[in-house]
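Here are the chains, one letter per residue:
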Amino acid sequence: MLQYKYIDKNKPVLVAVSGGADSVAMLHMLVGQGYYCIAAHCNFHLRGAESDADEVFVRSFCEELGVPCYVEHFDTRKYAQQKSVSIEMAARELRYQWFYSLLDKYDIPCVAVAHHADDAAETFMLNLVRGTGLKGLTGMKPVQGRVVRPMLRYSRQDIELYCRAHRLKFCTDSTNQSDAYVRNRIRHHVIPQLKTINPSFLRTMRNNMAHLNQIYSLFAQQASEFMKRAVVELEDQTLISMDNLQKLPEVEPFIFEILFPKGFSPDSIHKIARCVAEKRWGRILFSSKYRVIVDRFNLMIMPRDEQTENEETDIEMDQDEVYTPIHLKISTFERTDDYQVSKDANIAHFNADKVYFPLTLRHWRTGDMFRPLGMKGFKKLSDFFVDNKMNQVQKENAWILEAGGEIIWIVGMRIDDRFKITADCKEVLQIEIITN
């Protein structure tokens, strides 16, 4: 008998019905116990006629039970391609987006999904293999936001026995038999072996996940307290105080809690933790959408901007103004006897005879060198930045102007000594940064 305290009998419940044994049994149980159910079925169009047959079955089954049924059709493959995600992830995102829209539209408190004990054990194993950290091993929750899982205490065998006892027909997804999916390999090969070793495997796993959930709750409380004192959220970046990080007995679990949801792999997170522990400043690691900079004062997390990372602009001789990526005005004038070099950092003067067009405006690269004004020898830009106490973000945001493959100006900071105004200079090239 299904009794679920998180579903209010006085309000409707949206029930996700795929047509499989688990969702069929769940809908039948809920209706039998007097819950007001509204069914929702997704046709992902991934299995051709089989997908359409599932839809026909669900509509018919809901009609027999007197349950309203909503059906939505999705171009799942197109969505997966557009979002650069797996088919499995695309289907998950599409169904939950639709479920939540139905909850909002019809003022329904929750959606019931038919995850059961075997699903929970399989997810645990998947997360263990993928390295999702402690949180991923805490198991499926009976309530997670507006999603409820009434079937978690039942095994797949329990559900199929229920269907047979009540003479309930159900659909079988042919893809569930394929070992092409990691979950299916775990379902078909790993779990059966573990059940052979321990016939009470599912109950043991339920207890294990409950214990891990308790441990994670304690850690989550510590992590929350750490974030309050050490993490600052800015408009375009997250800063984690290096001083606070280095006071922790273990850095990696706290970094994992912040970075894993942003797509960083366990291996990358381990490398970042080592950089923090070993004070290896200036290291940069990437996920698909974010980057982390290990700065002397903060661990800096910010979205990636591939356009900016690869940005490079040429300036031709006939151009007197450029607007992107920064606003510059370019002009030349004859050098007179009363000429004086500008002291404004936003204005640079060069010997026009020594500067060859096109100019190139770009970000700095590892190995860049120039001869700072007033020096006879070359200096690495990385050393120049350190001397000027620039952090990693400031370095990355610095613009370099080069001519003929030679750096002539660290924009807004220092020109190259080889291109300065000398006594024999007849024409001055002026480049000005426009800041308003």
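Residues numbered from 1 in each chain as written. Predicted model: local features only at pLDDT ≥ 70, side-chain atom pairs only at ≥ 80, totals over all residues. Heavy atoms only, no water.

J.: Could you give an account of the overall build of the protein chain, naming the residues involved and the relevant values?
T.: Along the backbone of the protein chain there are 14 helices and 22 strands. Relative to its length of 436 residues, the protein chain is extended, with a C-alpha radius of gyration of 31 Å against a globular reference of 22 Å. Counting only C-alpha atoms and orienting by the principal axes, one finds that the protein chain spans roughly 105 × 50 × 40 Å. Across the 436 residues of the protein chain, 44% fall into the buried class. The long-range share in the protein chain, meaning contacts at least 24 apart out of those at least 6 apart in sequence, stands at 66%. As presented, the protein chain carries roughly 24400 Å² of accessible surface, and 49% of it is formed by carbon and sulfur atoms. Across the protein chain, the mean location of the 56 positive side-chain charges is 8 Å away from that of the 58 negative side-chain charges. (Helix = DSSP H or I, 4+ residues; strand = E, 2+ residues; numbered from the N terminus. Rg over C-alpha atoms; globule rule 2.2 N^0.38 Å. Buried < 20%, exposed > 50% of the residue type's maximum accessible area, 1.4 Å probe, protein only. Contact = heavy atoms within 4.5 Å. Areas by Shrake-Rupley, 256 points an atom, 1.4 Å probe, with all protein chains shown as cover. Lys, Arg positive; Asp, Glu negative; His and termini not counted. Charge placed at Lys NZ, Arg CZ, Asp CG, Glu CD.)

J.: Residue-level account of the sheet that holds strand 13 (residues 321-322), with values.
T.: Backbone-to-backbone hydrogen bonds join strands into a sheet, with any given pair of strands oriented parallel or antiparallel. One open sheet accounts for four strands, arranged 13-14-22-15; its pairing is antiparallel. Edge positions in the sheet fall to strand 13 and strand 15 (347-351), since each has one partner strand and no second. Both strand 14 (residues 328-334) and strand 22 (residues 427-433) contribute to a ladder of seven bridges, which runs antiparallel. In the strand pairing of strand 22, glutamate 334 is matched with glutamate 427. (Pairing = 2+ DSSP bridges.)

J.: So, the pairing of strand 12 (residues 312-315): which residues are in play, and what are the values?
T.: Only one face of strand 12 is covered, namely the face carrying Thr313 and Ile315; the face carrying Glu312 and Asp314 is uncovered. Where strand 12 and strand 16 (residues 359-363) come together, four bridges link them in antiparallel fashion. Pairing of aspartate 314 across the sheet is with threonine 360, part of strand 16.

J.: Tell me about the packing of helix 8 (residues 201-230) against helix 10 (residues 252-259), residues and numbers included.
T.: Two elements in contact, helix 8 and helix 10, have axes whose closest approach is 11 Å; the angle formed by their N-to-C orientations is 80°. As judged from the angle between their axes, helix 8 and helix 10 are roughly perpendicular. Along the contact surface, helix 8 presents Tyr216, Phe219, Gln222, Ala223, Phe226 and Met227, while helix 10 presents Pro253, Phe254, Glu257 and Ile258. Partitioned by chemical class, the residues of the contact of helix 8 with helix 10 number eight nonpolar, one polar and one charged. (Axes fitted to C-alpha atoms, helices over the stretch in contact; angles between N-to-C directions. Parallel < 35°, antiparallel > 145°, perpendicular 65-115°, else oblique. Nonpolar A, V, L, I, M, F, W, Y, C, P; charged D, E, K, R; others polar.)

J.: Please provide a residue-by-residue account of helix 7 (residues 182-197), values included.
T.: An α-helical turn contains 3.6 residues, so a residue and the one three or four places further along point in the same direction. The end-to-end C-alpha separation of helix 7 is 21 Å, in line with the 22 Å expected for 16 residues at 1.5 Å each. Of all bends in helix 7, the biggest is about 30°, found at valine 190, and the proline proline 192 comes one to four residues later. As for helix 7, its buried residues are in contact with helix 5 (117-130), helix 6 (156-165) and helix 8. (Expected span 1.5 Å × (residues − 1). Bend = angle between axes of the 7 residues up to and from the residue.)

J.: I'd like a description of the packing of aromatic side chains, backed by residues and values.
T.: Tallied over the full model, the rule gives 16 aromatic pairs. Through pairs of rings, three or more aromatic residues link up here, namely Phe44, Phe74, Tyr96, Trp98, Phe99 and Tyr100. Just above the ring of tyrosine 35 sits the side chain of lysine 9; from NZ or CZ to the centre is 5.2 Å. Just above the ring of tyrosine 290 sits the side chain of lysine 262; from NZ or CZ to the centre is 4.6 Å. (Phe/Tyr/Trp six-rings, centres within 6.5 Å; stacked < 30°, edge-to-face > 60°. Lys NZ or Arg CZ within 6 Å of the ring centre and 35° of its normal.)

J.: A description of the nonpolar core should follow, citing residues and the corresponding values.
T.: Within soluble globular proteins, side chains that are nonpolar generally end up buried alongside one another. Of all hydrophobic cores here, the largest spans 30 residues; its most connected members are Val13, Val15, Met26, Leu27, Leu30, Cys37 and Met151. At the level of elements, strand 1 (13-16), helix 1 (21-32), strand 2 (37-43), helix 2 (49-65) and helix 6 are the ones that each hand at least two residues to this core. With seven residues, the single largest contributor to this core is helix 1. In contact with cysteine 37, other than residues within four places in its own chain, are Val13, Val15, Leu27, Leu30, Val31, Val67 and Pro68. By size, the runner-up hydrophobic cluster in this structure holds 27 residues, among which are Tyr216, Phe256, Ala273 and Val294. (Core = buried A, V, L, I, M, F, W, Y, C linked by side-chain atoms within 4.5 Å.)

J.: Mind laying out the sheet that holds strand 2, listing which residues take part and the relevant values?
T.: Here we have six strands laid out as an open sheet, ordered 3-2-1-4-6-5, and mixed in their pairing. A strand with exactly one partner marks an edge of an open sheet, and here the two such strands are strand 3 (69-73) and strand 5 (143-144). Relative to strand 3, strand 2 is paired through five bridges, and the arrangement is parallel. Its bridge partner being in strand 3, histidine 41 is matched across the sheet by valine 71. The sheet contacts of helix 1 involve strand 1, strand 2 and strand 4 (111-112), and relative to strand 1 the element is tilted by about 155°. Each of strand 1, strand 2, strand 3, strand 4 and strand 6 (147-148) is contacted by helix 4 (residues 87-106), which is oriented at about 150° to strand 2, the strand it contacts most.

J.: Quick rundown of the environment of arginine 164? Include the residues and the values.
T.: Relative to the helices and strands, arginine 164 resides in helix 6. C-alpha separation for the pair arginine 164 and alanine 21, spaced 143 residues apart in sequence, amounts to 9.9 Å.

J.: Can you break down the state of the cysteines residue by residue, with the values?
T.: A covalent bond between the sulfur atoms of two cysteines is what we call a disulfide. Within the structure shown, the criterion is met by zero disulfides. In this structure cysteine 42 is not part of a disulfide, and its nearest cysteine sulfur, from cysteine 69, lies 10 Å away. In this structure cysteine 110 is not part of a disulfide, and its nearest cysteine sulfur, from cysteine 37, lies 9.8 Å away. Relative accessible area serves as the criterion here: at 7%, cysteine 110 is assigned to the buried category. (Disulfide = S-S within 2.5 Å.)

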